[in-house]
Amino acid sequence: MTNPVERSLEPVLTPPFCFGELFVRKTTTGGFVVSHRDDESLDQLQTRQNAQDALEIAKYDDAGNYRPLKTAPNLRHGWRLELATLEELRRSLDYFYPGRLAVFAAWQNAYLKMTPLRETLDRQSGMYRVAAKVSDQQINDLVADFCRSDSGCLRTILWKRNRNGVIASTKLPKQKFDPAYDQVMAACSRRPAGGARASRSEAATVPLLCQEACNLLVAECRKVVKGESAGP
């Protein structure tokens, strides 16, 4: 790690730790092992040894469906990624959850800028310009459904609905806005028995932070305005 952002992450990326649905531990030889949190104690896993393999692992869920939202709680199971260096570990985490390490580093160093949803919608152009017409009630309902941790997205919401600081959705639990809360715990009801073992006390949790509404949420706002069905 060479640049300031990467240096600020180095003490955080100290195994064992959880990052979304990932569990990271260190090996006796100084390398790293990344696996699905539910699989941490399993032995019969497909082993890979290239950071770039994370791209393929993160592409589809267990049923073979494409994952357009990489922070959705549906990362597939059955694999083990063995990496030799901290740089390879960082690269693999970026492949699993694009941009989330940089966002976390910015937040940790107190220079992360949060963008209100209304501002994000107002800057849209072309076919997405109409999304800005979504009502507050529609936003309240849509965000509660689309961003919920158990079936929508594992990011912790930091942005507000508008510049007045209105909460993104009053229908989401307060933990959805708390970086100290492990969002994977909200998805436990849909996980296999014994899942999320890696949330145990000795493993720190690095949160997936959301500083502004993603393109998928903007697209859902457009659907609501146009009267189309919307969902995660």
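From a predicted model like this one, the values you see are computed outputs, not experimental measurements.

Rules of the game
Residues numbered from 1 in each chain as written. Predicted model: local features only at pLDDT ≥ 70, side-chain atom pairs only at ≥ 80, totals over all residues. Heavy atoms only, no water. Phe/Tyr/Trp six-rings, centres within 6.5 Å; stacked < 30°, edge-to-face > 60°. Helix = DSSP H or I, 4+ residues; strand = E, 2+ residues; numbered from the N terminus. Buried < 20%, exposed > 50% of the residue type's maximum accessible area, 1.4 Å probe, protein only. Lys NZ or Arg CZ within 6 Å of the ring centre and 35° of its normal. Contact = heavy atoms within 4.5 Å. Polar contact = N/O pair within 3.5 Å; in protein donor to acceptor, adjacent residues only side chain to side chain. Lys, Arg positive; Asp, Glu negative; His and termini not counted. Salt bridge = Lys/Arg side-chain N within 4 Å of Asp/Glu carboxyl O.

Peer 1: Report on the packing of aromatic side chains, specifying residues and quantitative values.
Peer 2: Scanning all chains against the criterion turns up 4 aromatic pairs. Ring geometry for W79 versus F96: centroids 5.2 Å apart, planes at 25 degrees, classification stacked. Taken as a pair, W79 in strand β5 (residues 79-83) and F96 in helix α3 (residues 86-96) lie far apart in primary sequence, 17 residues in all. Look at F104 and W107: their rings are 5.8 Å apart centre to centre, the planes differ by 40 degrees, and that puts the pair in the tilted class. Pair noted here: F104 and W107 are both in helix α4 (residues 100-108), with a separation of 3 residues, about one helical turn. Exposure remark for F104: the relative accessible area of 6% places this residue in the buried category. The cationic tip of R222 hangs over the ring face of Y128; the distance from NZ or CZ to the ring centre is 5.9 Å.

Peer 1: Give a detailed account of helix α6 (residues 136-146), specifying residues and quantitative values.
Peer 2: What α6 keeps buried is the set I139, N140, L142, V143, A144 and F146. Buried positions along α6 lie against α5 (117-122), β6 (156-157) and α7 (215-225).

Peer 1: So, the side chain of S169: which residues are in play, and what are the values?
Peer 2: Counting through the fold element by element, S169 comes out in the loop between β6 and β7 (204-206). Assessed through its relative accessible area of 0%, S169 is described here as buried. There is a polar contact of 3.2 Å between the side chain of S169 and the backbone nitrogen of K171. The residues touching S169, leaving out its near neighbours within four places in the chain, are N140, V143, A144, R161 and F177.

Peer 1: Can you tell me about the side chain of K176, naming the residues and giving the values?
Peer 2: Looking at the secondary structure, you find K176 in the loop between β6 and β7. Buried and unpaired, K176 has D150 as its nearest opposite-charge partner, separated by 8.2 Å. A distance of 2.8 Å separates a polar atom in the side chain of K176 from the backbone oxygen of C147.

Peer 1: Kindly report on the pattern of salt bridges, identifying the contributing residues and their values.
Peer 2: Evaluated as defined, the whole model comprises 11 salt bridges. The partner of D182 in a salt bridge is R37, and the shortest N-O contact between them spans 2.7 Å. In this pair, D182 is assigned in the loop between β6 and β7 and R37 in the loop between β3 (32-36) and β4 (46-48), connecting sequence segments 145 residues apart. Where D150 meets R148, a salt bridge forms, and the shortest distance between an N and an O atom there is 2.6 Å. The exposure class assigned to D150 is buried, which follows from its relative accessible area of 19%. A relative accessible area of 34% means that R148 is categorised as partly exposed. Through salt bridges with shared partners, one network takes in E87, R90 and D94.

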